[in-house]
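# Understanding the architecture of this molecule
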Amino acid sequence: MARALVQTQQAAQKYLAQGDAMPSFAVTLARLLGGRRTAVFCRKLLIVVSQVALIALAYYVSFQLRFEFELPGDIRRLIAKSFLIVILVKVVAFYYFGLLRGWWRYVGISDLVDITKAAASSSLLIYLLFFIVIDLNEFPRSVIGIDWLLTILVVGGARFLVRAYTEALEQHAGDKNILVVGTGREAASLVRDLRHSAESGCNPIAIIDEDRSKLGIKIHGVPVVGTFESMGDVITRYGIKCVLIALPSPTNKQVQRIIENCRSSKVEFKILPTLGNRINGGNVLGLIRDIKVEDLLGRAPVALDVEAIRTKLQDKVVLITGAAGSIGSELARQVASFRPTRLVLLDRSENDQFRLSMELSRKFPDLEYVTAVGDILDSGLLRDLFALHRPHSVFHAAAYKHVPLMERNCFQAVNNNILGTYNVALISRQFAVEDFVLISSDKAVNPTNVMGVTKRACELIILALRRQRTRFMAVRFGNVLGSAGSVLPIFQRQIADGGPLTITHPDVMRYFMTIPEAVQLVLQASTMGKGGEIFVLEMGEPVRIRDLATNLIHLSGLQPETDINLVYTGLRPGEKMFEELCLESEDTKATSHDKIRVFDGGFADFEKVKKWVDELSALVIAKNMGGIISKLQDIVPEYRPSDEVLSECDVDRHDVVLRRGMERTHLITALIDQEPPQRARAV
Ligand SMILES: NC(=O)c1ccc[n+]([C@@H]2O[C@H](COP(=O)([O-])OP(=O)(O)OC[C@H]3O[C@@H](n4cnc5c(N)ncnc54)[C@H](O)[C@@H]3O)[C@@H](O)[C@H]2O)c1
């Protein structure tokens, strides 16, 4: 018996958790006895029976009200005579308006409107029937009006009662008092889900918002009790244990301020990431997470023209170079979600390719993809890949990117970035790829380092190919947060090691965006290009690296300079204090997307590009550093090589050898051109 009771209780809990509309012992029992089908039948039956009972009640009470609770005998007979017709008409009307099914716990205004319509139309029908069709003149007309009103009240009221009852059953006073920050859609979903989640152990008790006009309103029964200024007081007054930030697009300053308040009040804090395009109604509790440094960038969520991207990628073959890298792998993830026919992933890093393929198989079991381990410098491999898979779109992200490293590995930078891009671009043209997107960088603007100048040369290569069937375009942006070898993972490792955090200069600033955001915008830009454009992503305000470091230390629950020191190491060769996103002469224009600007990259003469690519190639083979740097200066006149690179050119004897060789050639030519000296006549 006890076991049966426990089973019944468990089934009821499961039933409630599934969100069924009418928690009833009958339905639960039916489930236990006869399985799901019987349960569904019982639930439907219960709804119909309860509706009929409520309609009948409303009808009977209407008469009672009309006759002030003293029903004469003939009226009793009239009720009995008309009862069946009235019930039948109303049941049909209720059925027509979909009121004989549905989930009472989710009853809302739209249901009330339907009930009103059903009651009105059935009353009208009854009126027509009684007074025009069967001429039932003794029927009191006012009863029809009272009945209409009572039907709405009784049927609607019962549903709202069920909703209130189920909500009360589910609500629980969790032991952890929660303060929610925000009053938007996110915050409302959060409050609702917290109130209904038995497992969370949380009790949303108060809300604050920056907007004073929201003060005093209630969201799912929780009052808005203050603004950001009064946050400290609210935390103390309501015994808050945890603050949940649920703002639609919190700015950097807002998040900082909230964190500071939480820290000084010594309470926990978490964030609900922006819901974006999430379908309303799902549970948001699983999305709550610790605040990450990305949240401090204060970047509003990107709104995408998803249809344009889908048209471009769905049922197409897409090839990504550098696919296993930070940007390439995110491109692979996002492209995969648009269901391409096939994804061709090219990268020479075998381990990273393996990791990526494992992830893609897990996340996109239906995705057809090819993992090609190979080098973009291997034109034979490229040709085979293109011939086999015939890609429609190419995203070219394979490159060397580390500024200080490339300053010391100039030949590798030129080889990999310039000659590699030339290979991929030319083969894309050969195989009539529809569009080719070069992932460029803000370092290509007024370059002061080898890495940056090679990226600018890559842009020139694609501009030289712009008059082709393939639409060649480039997308430029600043740093992405958290990419392999970038400042964020370095800082995180340094914090884990107990510090210090190394920063090149106290005032050095960089643009940052998150990798998913950058890739979303790359995909969006790729739908806009006609060929020859350079798209520039709007990077927002630049971030002081020192602030990034201190925020990260704070987020780790530590104090800068007390727990973790900051050490300034000086700018490295080729590094700038500030990065630019375009030259002054590059007149960028707005696009249909507010975070993407564009300018026409202009024309580059393909014959000239071909010539300098050949020359660079020869100079790389000859390991002629001086020759390479001066060639790069010819190609990109705004390039200013770093002192380190110039000093390496000084010890590079190729120039001297070349100069001497040329002098010797000139000398010999001059000698040959001269008249042969008159021989001394023999005496
Ligand atoms: N990371 C950033 O902050 C950032 C910002 C703007 C632009 N970009 C540009 O985006 C591109 C990719 O950057 P990332 O951060 O993803 O770099 P990453 O180092 O994480 O990825 C590059 C990938 O390319 C592969 N690769 C390099 N040379 C190759 C070759 N010859 N053949 C085949 N594969 C090769 C590498 O194995 C690596 O997996 C670079 O061109 C970079 O300049 C990066």
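Residues numbered from 1 in each chain as written. Predicted model: local features only at pLDDT ≥ 70, side-chain atom pairs only at ≥ 80, totals over all residues.

Looking only at helices and strands, the chain has 22 helices and 21 strands in total. Here the chain, with 683 residues, has 37% of them falling under the buried criterion. A separation of at least 24 residues holds for 75% of the contacts in the chain among residues at least 6 apart in sequence. (Helix = DSSP H or I, 4+ residues; strand = E, 2+ residues; numbered from the N terminus. Buried ≥ 20, exposed ≤ 12 C-beta atoms within 10 Å, placed from the backbone. Contact = placed C-beta atoms within 7 Å.)

Turning next to the sheet that holds strand β1 (residues 176–181). Ordered in space as β3-β4-β2-β1-β5-β6, the six strands form an open sheet in which the pairing is mixed. With partners counted over all chains shown, the strands left at the sheet margins are β3 (218–219) and β6 (268–271), one partner each. Of the strand pairs in this sheet, strand β5 (residues 242–245) and β6 are connected by four bridges, and their pairing is parallel. The partner of V243 across the bridge, within β6, is F269. (Pairing = 2+ DSSP bridges.)

Turning to its location among the elements, I79 is positioned in helix α3 (residues 73–96). Taking the C-alpha atoms as reference, I79 lies 9.2 Å from F139; in sequence the two are 60 residues apart.

The next point concerns the site of the ligand. Around the ligand sit 28 residues in total, of which G322, G325, I327, A398 and A399 are the nearest. Looking at the shell around the ligand, the elements with two or more residues in it are α10 (326–336), α14 (410–430) and β13 (479–481). The dominant element in the shell around the ligand, judged by the number of residues it contributes, is α10, at three residues. Per-class residue counts for the shell around the ligand are eleven nonpolar, eleven polar and six charged. (Near = placed C-beta within 6 Å. Nonpolar A, V, L, I, M, F, W, Y, C, P; charged D, E, K, R; others polar.)

On to unusual backbone geometry. With an omega of -5°, the peptide bond between G499 and P500 qualifies as cis. Its location among the elements puts P500 in the loop between α16 (487–496) and β14 (501–503). Positive phi values are uncommon outside glycine, yet H220 reaches one of about 45°. Unlike most non-glycine residues, D315 shows phi in positive territory, near 60°.

The strand order across the open sheet formed by nine strands is β9-β8-β7-β10-β11-β12-β17-β21-β20, and the pairing between neighbours is mixed. Every other strand in the sheet has two partners, leaving β9 (369–373) and β20 (589–590) as the edge strands with one partner each. By the bridge criterion, four bridges tie strand β7 (residues 317–321) to strand β10 (residues 393–396) in an arrangement that is parallel. Within β10, the residue paired with V318 across the bridge is S393.

Next up on the list: the environment of A372. Positionally, A372 belongs in strand β9. A count of 19 C-beta atoms within 10 Å places A372 in the partly exposed class. Sequence-wise, A372 and A323 are 49 residues apart; in three dimensions their C-alpha atoms are separated by 9.5 Å. Setting aside anything within four residues of it in sequence, one finds A372 in contact with V344, L345, L346 and L385.

Bringing the pairing of β7 into the picture now. Taking burial as the measure, the five residues of β7 include four buried ones, the bulk of the element. Regarding topology, α10 serves as the crossover connection from β7 to the parallel strand β8 (residues 342–347), and that connection is right-handed. (Right-handed = clockwise from strand over helix to strand, strands pointing away.)

What follows covers the pairing of β10. Residues S393 and F395 line one face of β10 and the alternating positions V394 and H396 line the opposite face, and both faces are buried. Pairing analysis gives four bridges linking β10 to strand β11 (residues 435–439), with the strands arranged parallel. Within β11, the position partnered with F395 by the bridge is V437.

Moving on: the environment of I109. Note on placement: I109 falls in helix α4 (residues 109–133). Its 7 C-beta neighbours within 10 Å are what place I109 among the exposed residues. Taking the C-alpha atoms as reference points, I109 and G156, separated by 47 residues in sequence, lie 9.8 Å from one another.

Packed helices, taken two at a time, are described by the angle between their axes plus the distance between the axes. Where α14 contacts helix α15 (residues 450–464), the axes come no closer than 9 Å and their chain directions differ by 15°. Between α14 and α15, the angle falls in the class roughly parallel. Relative to α15, α14 is oriented so that their crossing is right-handed. Only V450, M451, T454, K455, A457, C458, I461 and I462 of α15 make contact with α14, whose side of the interface consists of C410, A413, V414, N417, I418, T421, Y422 and A425. (Axes fitted to C-alpha atoms, helices over the stretch in contact; angles between N-to-C directions. Parallel < 35°, antiparallel > 145°, perpendicular 65-115°, else oblique. Left-handed = near helix turned anticlockwise from the far one by under 90°.)

So, about the packing of α10 against helix α17 (residues 515–526). At their nearest, the axes of α10 and α17 sit 9 Å apart, and the two run at 65° to each other. Where α10 crosses over α17, the two elements pack in a sense that is right-handed. Contacts from S326, I327, E330, L331 and Q334 of α10 reach α17 at I515, P516, A518, V519, Q520 and L523. Across the contact of α10 with α17, the residue classes break down as seven nonpolar, three polar and one charged.

Next up on the list: α3. One full turn of an α-helix is made of 3.6 residues, so residues set three or four places apart face in the same direction. Between the first and last C-alpha of α3 there are 35 Å, a value that for 24 residues agrees with the 34 Å anticipated at 1.5 Å per step. Where α3 bends most, the angle comes to about 45°, and this point is S82. Within α3 the residues assigned to the buried category are V86, K90, A93 and F94. (Expected span 1.5 Å × (residues − 1). Bend = angle between axes of the 7 residues up to and from the residue.)

Residues at a pLDDT of 70 or more form 90% of the chain, whose mean pLDDT is 87. Confidence drops under pLDDT 50 across residues 1–26; counting only partners more than four residues distant or on other chains, this segment forms 28 contacts. Scored below 50 in pLDDT, residues 277–281 shows zero contacts in the model against residues more than four places distant or in partner chains. (pLDDT = per-residue confidence, 0-100.)

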